[in-house]
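# Breakdown of the fold
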Amino acid sequence: MWKSLGEAVLRYRFILLGLLLAGTVFMGWQASQVKLSYEFSRAIPTDNPKAADYQSFRNTFGEDGNLLVIGVETNKFFEKAFFEDYRRLESDIRRVSGVESILSVPAAVTLVKDEATEKLTALPVFPASVTTQASLDSAAALFRSLPFYRGLLYNPGAGAWLMGVGINGAILASPKRKEAVGKIVALADAFGAKHGLDVHLSGLPLIRTQVAVKIEKEMRLFTVGSLLLSALILLLFFRSLSATALSLAVVVIGVIWSFGTVHLLGYKITLLTALIPPLVVVIGIPNCIYFLNKYHTAYRDTGDKRAALVQMIAKMGVVTLFCNIAAAIGFAVFGLTKSAILKEFGVVAGINIMFLFVISLILIPAALSLLAAPKARHTRYLDNRILTGWLERLGAWSLHHRKAIYIGTLLVLALSSAGLFRLKSVGYIVDDLPKTDKIYTDLRFFEDRFGGVMPLEIVVDTRTPNGIRKYMLPAFNGIDSLSAYLGSRPDMARPMSVVEGLKFAKQAFFEGDSSQYSMPSEYDLPALAQYVSMRNGDSAASQSTFARLISRFIDSEKRQARVSVNMKDVGSARLPQILDSVRREANRYFDTSRYDVRLTGSSVTFLEGSRFIIHGLKESIFWAFLLIAACMLYLFRSVRILLCSLIPNLIPLVITAGVMGWAGVALKPSTVLVFSVTLGIAIDVTIRFLVNYKQSAAAAASVEDNVVGTIRSTGLSILYTSFVLIAGFVIFCFSGFGGTQSLGWLTSLTLVVATVANLTLLPALLINLSARKKVKE
């Protein structure tokens, strides 16, 4: 079959090349339209209860993650020159397209009781123009007398000051976010440079945007870097510009098709799908090495170029097909998960690995048939004395030192198994960034001075329209008690709710007396009712400034109230404990027969997303193992060979997991990804070895001779392929994302161990199991 296919490929090579060219032009056009994703995470399926709660919250109250924060630390904030520049910064930021609101010290208002209208009027704390230092000092004193802003816009103990910039949700979901955030960052940096201050910026809009920019840069860098590195290795191996150019053409076409697939399927470039182009390069080069190595070997044996090409396809077609199927399975199993971001990654990677096989099968034989026959220098690598010497030693070890191989394997497994008990599962929102990255250090600034920037939303649902008004006093007292608990936690910022607005209103009602900043009593509320103006019948025109101020904390039906609090990036291990304690505390203050209390927000969806991804990845490893085992059983039709193939590929995974435990590398979405990916890639070496072993079995005098002969004939291409794969993944170690770095060095480690295991343990197992089979017979 494969010999006939080889002859057909050569016979119809021009038609096939034309179809490949047309397909590449079409995919190139699709690739030119691919866009970058600006969504932070789509790890949770839409039917997940946590996702449903979050979507319900967004529909009712709007986005919770659209606030960009700017912080400075200085003791000269209320010096006239500095304050005026800070106000000018606010004014300039307000003019940036997409900025909807700004909460800052210069824009602070105080509430004043207007007895004539029985409304609370908001007046600026700071005059529009500060003429003297004395007038600024007077306004500053008024500002400091307003507890509403303490811990929200400034930290008096640390001398830290905060500005919150609300950005339009539609802008944040579009490429325009890059321009908007970029302008804000530039304005803040210019302000800092003028005053010699470190200006700190954080918040989900900034984190999401700058992470997306990093993804875009790294995608280009690693794609080009992997191409250059692969070209260098191929040139060193084959000493042929044409072979190198041909191999690069295969992977470049593969990269174009991968981008085209992303757009054709309606996807966008994410942190995961950005890895696919360089992965296509890394996985595509071994296809080229397998084909070229067999072509050179066959040509040296036959001296006939056409016969060598047919033999290349006949012998390597099935090997390359099943190698690509195994690698595709390692990625495609992610498509079985319910996580959108994982599904997209798995589907695109799986499809394009199979595309690589088709591209290689068409382009390599067709191009080689049109090129001149290889010269002696092109096949000189087949006689590499250093590598062939090592392969001879490996063959001798398989024959004479099998016990040492088994003992060494068991000892390494024992040490790795001990490391497994040290593995921890924990993830952070920004832990994929280096600790020295400004995004990370600025986040820590806001955590230390203001309690954090990660949104947590607590929704108190009275289950009935107008329930907030009906159960006003118990509901507000419950919110106040819960807020006091949240504010006392070291991992949370000061919470905001309608109750803080009521306290502000009470202070205004008592002529600005700061000692009156407290929850109104049942005696205070009737007097405040007219000023607060919470009646359903109020028109938009008649609503007080205060009512508009607090409307974002109560829904339009007055059925639900929200408590908004920012928290530290505490990690997925601590976050469930914190949420459980908050939930227990909420149940103390709200009767569960009357109220529903839901915890949602970006912090909760992050935790649920991490759990969902890790569970999905663990499940994908199981499916990858099962499907690859089925392929191996179909290919070799032997349970004995199936066992021989799986053991050398499971051991590297155990060793890698053990190394993670000893090295303190946590299990998180980016590191769990390693296992199913490497299982799919490492099995290629096993398939290459066992297919050759099976093809040579009839002509070999004994199992031992067949094993040694297989090591000699396949070892060289296995080593070259492993070099390319390892080098290709090592390049990810230079990423600015910790997860991508982990993918690089952990995958490289697994591939090193898998190569060694397949050239030592696999031959030893074949010899021993074959000997046992003969004894039974």
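Residues numbered from 1 in each chain as written. Predicted model: local features only at pLDDT ≥ 70, side-chain atom pairs only at ≥ 80, totals over all residues. Heavy atoms only, no water.

## Observations concerning a nonpolar patch on the surface
As a reminder of what qualifies: Only residues whose relative accessible area exceeds 30% and that form no salt bridge enter a patch; like-charged residues are grouped when within 9 Å of one another, and nonpolar side chains (Val, Leu, Ile, Met, Phe, Trp, Tyr) when within 5 Å. Shrake-Rupley sampling with a 1.4 Å probe provides the accessible areas, and residues are treated as covered by the protein chains on show and by no other component. Any carboxyl oxygen of Asp or Glu that lies within 4 Å of a side-chain nitrogen of Lys or Arg is treated as forming a salt bridge with it. A simple rule labels every residue: compare its accessible area, found with a 1.4 Å probe on the protein chains alone, to the largest value its type can have, and call it buried under 20%, exposed over 50%, or partly exposed in between.
Taken together, the side chains of F26, W29, L264, L265 and I351 define a hydrophobic patch exposed on the protein surface, amounting to about 470 Å² of accessible area. The exposure class assigned to I351 is partly exposed, which follows from its relative accessible area of 31%.

## Looking at helix α14 (residues 402-420)
Short version of the rule: Every helix listed is a DSSP run of H or I at least four residues long, and every strand listed is a run of E at least two residues long, numbered separately from the N terminus. Helix span, as expected, comes to 1.5 Å for every residue beyond the first. The arc under discussion is defined with respect to the helix axis, by the directions toward the C-beta atoms.
If you check α14, its first and last C-alpha atoms are 27 Å apart, about what 19 residues at 1.5 Å a residue would give, namely 27 Å. Taken residue by residue, α14 has I405, T409, L413, S416 and G419 as its buried positions. When α14 is viewed along its axis, its buried side chains cluster within an angular range of 105 degrees and face the same direction. Among the exposed residues of α14, those pointing more than 90 degrees away from its buried face are K403, L410, L411 and L415.

## Concerning the side chain of N758
For clarity, the threshold we go by: Two N or O atoms form a polar contact when they lie within 3.5 Å of each other; inside protein one atom must be a possible hydrogen donor and the other a possible acceptor, and for residues adjacent in sequence the pair counts only when both atoms belong to side chains. By the convention used here, residues are in contact when the closest approach between their heavy atoms is within 4.5 Å.
Tracing the backbone shows N758 in helix α26 (residues 738-776). For N758, a relative accessible area of 0% corresponds to the buried category. A polar side-chain atom of N758 sits 2.5 Å from a polar atom in the side chain of T686. Leaving out residues up to four positions away in the same chain, N758 has contacts with P648, N649, A682, V685, T686, F689 and P763.

## What about the nonpolar core?
Defined as follows: We call a set of buried Ala, Val, Leu, Ile, Met, Phe, Trp, Tyr and Cys residues a nonpolar core when their side-chain atoms join them within 4.5 Å.
Counting residues in each nonpolar core, the largest one holds 254 residues, and the members touching the most others are I70, F78, F143, V165, I184, F331 and I687. Examining the composition of this core, we find that 16 residues originate from one element, helix α11 (residues 305-332), more than from any other. The residues touching V165, leaving out its near neighbours within four places in the chain, are N66, L67, L68, I70, I93, V99, S101, I102 and I184.

## Let's talk about the pattern of salt bridges
With the rule as written, the count across this model stands at 24 salt bridges. Among the ionic pairs, R88 bridges to D85, the shortest N-O distance being 2.5 Å. In this pair, R88 and D85 are both assigned in helix α4 (residues 80-94), three residues apart and thus about one turn of the helix distant. Here D85 makes a salt bridge to K194, at a shortest N to O gap of 3.1 Å.

## Topic: a positive patch on the surface
Heads up, the rule is: None of His or the chain ends enter the tally, which takes Lys and Arg as positive and Asp and Glu as negative. By convention, the charge on Lys lies at NZ, on Arg at CZ, on Asp at CG and on Glu at CD.
Together, R239, K375, R377 and R380 give the surface a local cluster of positive charge. By the secondary structure assignment, R377 is in the loop between α12 (340-370) and α13 (385-400). Among the residues examined, R377 registers a relative accessible area of 41% and is labelled partly exposed.

## Things to note about unusual backbone geometry
The phi dihedral of R463 falls on the positive side, at around 70 degrees, and the residue is not glycine. Following the sequence through the fold, R463 ends up in the loop between β8 (454-461) and α16 (467-470). In the Ramachandran plot, E511 falls in the positive-phi region, its phi being about 60 degrees despite a non-glycine side chain. Positionally, E511 belongs in the loop between α18 (498-509) and α19 (524-532).

## A closer look at the packing of aromatic side chains
Put simply, the rule is: We call Phe, Tyr and Trp rings a pair once their centres come within 6.5 Å, taking the six-membered ring for Trp, and we label the pair stacked below 30 degrees between planes, edge-to-face above 60, and tilted otherwise. Charge-over-ring placement is defined geometrically: NZ (Lys) or CZ (Arg) within 6 Å of the ring centre, and within 35 degrees of the ring normal.
Tallying each qualifying case throughout the model produces 33 aromatic pairs. With 5.9 Å between their ring centres and 20 degrees between their planes, F78 and F126 make a pair best called stacked. Taken as a pair, F78 in the loop between β1 (67-73) and α4 and F126 in the loop between β4 (119-124) and α5 (133-144) lie far apart in primary sequence, 48 residues in all. With relative accessibility at 10%, the residue F78 sits in the buried group. Judged by relative accessible area, which is 2%, F126 ranks as buried. Considering the side-chain rings of F82 and F191, the 5.4 Å spacing of their centres and the 65 degrees angle between planes classify their relative orientation as edge-to-face. Taken together, the positions of F82 in helix α4 and F191 in helix α7 (residues 176-195) put the pair 109 residues apart, joining distant regions of the chain. Taken as a pair, F82 and F191 share a single burial class, namely buried. Above the ring of W390, the side-chain terminus of R393 is found at 4.9 Å from the ring centroid. Between R552 and the ring centre of F553, over which it is positioned, the NZ or CZ distance is 5.0 Å.

## What about the side chain of S722?
Inspection of the secondary structure puts S722 in helix α25 (residues 703-730). A relative accessible area of 5% places S722 in the buried class. Only 2.8 Å separates the side chain of S722 from the backbone oxygen of I718, close enough to count as a polar contact. For S722, the contacting residues outside a window of four places in its chain are V685 and T755.

## Quick look at helix α17 (residues 472-488)
When the terminal C-alpha atoms of α17 are compared, their 24 Å separation across 17 residues agrees well with the 24 Å that a helix rising 1.5 Å per residue should span. Three or more residues of α17 are buried, namely M472, A475, F476, G478, I479, D480, L482, S483, Y485 and L486.

## Regarding the sheet that holds strand β9 (residues 560-567)
What counts is decided by this rule: Pairing between two strands requires that DSSP report at least two bridges joining them. Working convention: axes come from line fits to C-alpha atoms, limited for helices to the stretch in contact. Angles between N-to-C directions cover 0 to 180 degrees.
With respect to topology, three strands assemble into an open sheet ordered β9-β8-β10, the strand pairing being antiparallel. Bordering the open sheet on either side are β9 and β10 (596-600), each of which pairs with just one other strand. Each adjacent strand pair in this sheet contributes to an overall mean axis angle of 15 degrees, direction not counted. Here β8 runs beside β9; their pairing, made up of eight bridges, is antiparallel.

## Topic: the packing of helix α8 (residues 204-238) against helix α9 (residues 241-264)
Between two packed helices, what matters for the description is the angle formed by their axes and the separation of those axes. Defined as follows: Each angle gets one of four labels, with under 35 degrees taken as roughly parallel, over 145 as roughly antiparallel, 65 to 115 as roughly perpendicular, and the rest as oblique. In this scheme the crossing of two helices becomes right-handed for a clockwise turn of the near helix relative to the far one and left-handed for an anticlockwise turn of less than a right angle. Amino acids outside the nonpolar list (Ala, Val, Leu, Ile, Met, Phe, Trp, Tyr, Cys, Pro) and the charged list (Asp, Glu, Lys, Arg) are all regarded as polar, and Gly is one of them.
Where α8 meets α9, the closest approach of the two axes is 9 Å, and the angle between their N-to-C directions is 155 degrees. What the angle tells us is that α8 and α9 run roughly antiparallel. Viewed along their axes, α8 and α9 form a crossing whose handedness is right-handed. Of the residues in α9, those touching α8 at M219, T223, L227, A231, L234, L235 and F238 are L241, A243, T244, S247, L248, V251, V252, V255 and F259. Looking at the contact of α8 with α9, its residues break down into 13 nonpolar, three polar and no charged.

## Some thoughts on the pairing of strand β6 (residues 160-167)
On a regular strand, each side chain points to the face opposite its neighbour's, so the side chains alternate between the two faces of the sheet. Of all eight residues making up β6, eight are buried, and the element is well covered by its neighbours. Covered by surrounding structure in β6 are A160, L162, G164 and G166 together with W161, M163, V165 and I167, the residues of both alternating faces. Note that β1 and β6 share seven bridges and pair antiparallel. By the bridge assignment for β6, V69 is matched with G164. Here four bridges tie strand β2 (residues 99-103) to β6, and the two strands are oriented antiparallel to one another. Along β6, the bridge assignment pairs S101 with G166. Pairing of strand β5 (residues 154-155) with β6 involves two bridges; the strand directions are antiparallel. When the bridges of β6 are listed, N155 appears paired with A160.

## Here we look at the confidence of the model for the chain
Spelled out, the test is: pLDDT measures how confident the predictor is about each residue, on a scale from 0 to 100.
Scored by pLDDT, the chain comes out at a mean of 84, with 95% of its residues at no less than 70. Under a pLDDT of 50 for its full length, residues 534-545 has, in the predicted model, 24 contacts with residues more than four places off or in other chains.

## Comments concerning the environment of T110
With respect to the helices and strands, the residue T110 is situated in strand β3 (residues 109-114). A relative accessible area of 10% places T110 in the buried class.

## Notes on the environment of L227
The topology assignment puts L227 in helix α8. As for L227 and V251, which are separated by 24 residues in sequence, their C-alpha atoms are 8.1 Å apart. Once you skip the residues sitting within four places of it in the chain, L227 turns out to touch L248, V251, V252 and V281.

## Some points on the packing of helix α10 (residues 276-302) against α12
For the pair α10 and α12, the least separation of the axes is 9 Å and the interaxial angle reads 35 degrees. Viewed along their axes, α10 and α12 form a crossing whose handedness is right-handed. Residues I276, L279, V280, I283, G284, N287, C288, F291, L292 and Y295 of α10 pack against F345, V348, A349, N352, I353, L356, F357, S360, L361, I364 and L368 of α12. For the contact of α10 with α12, the residue count by class is 17 nonpolar, four polar and no charged.

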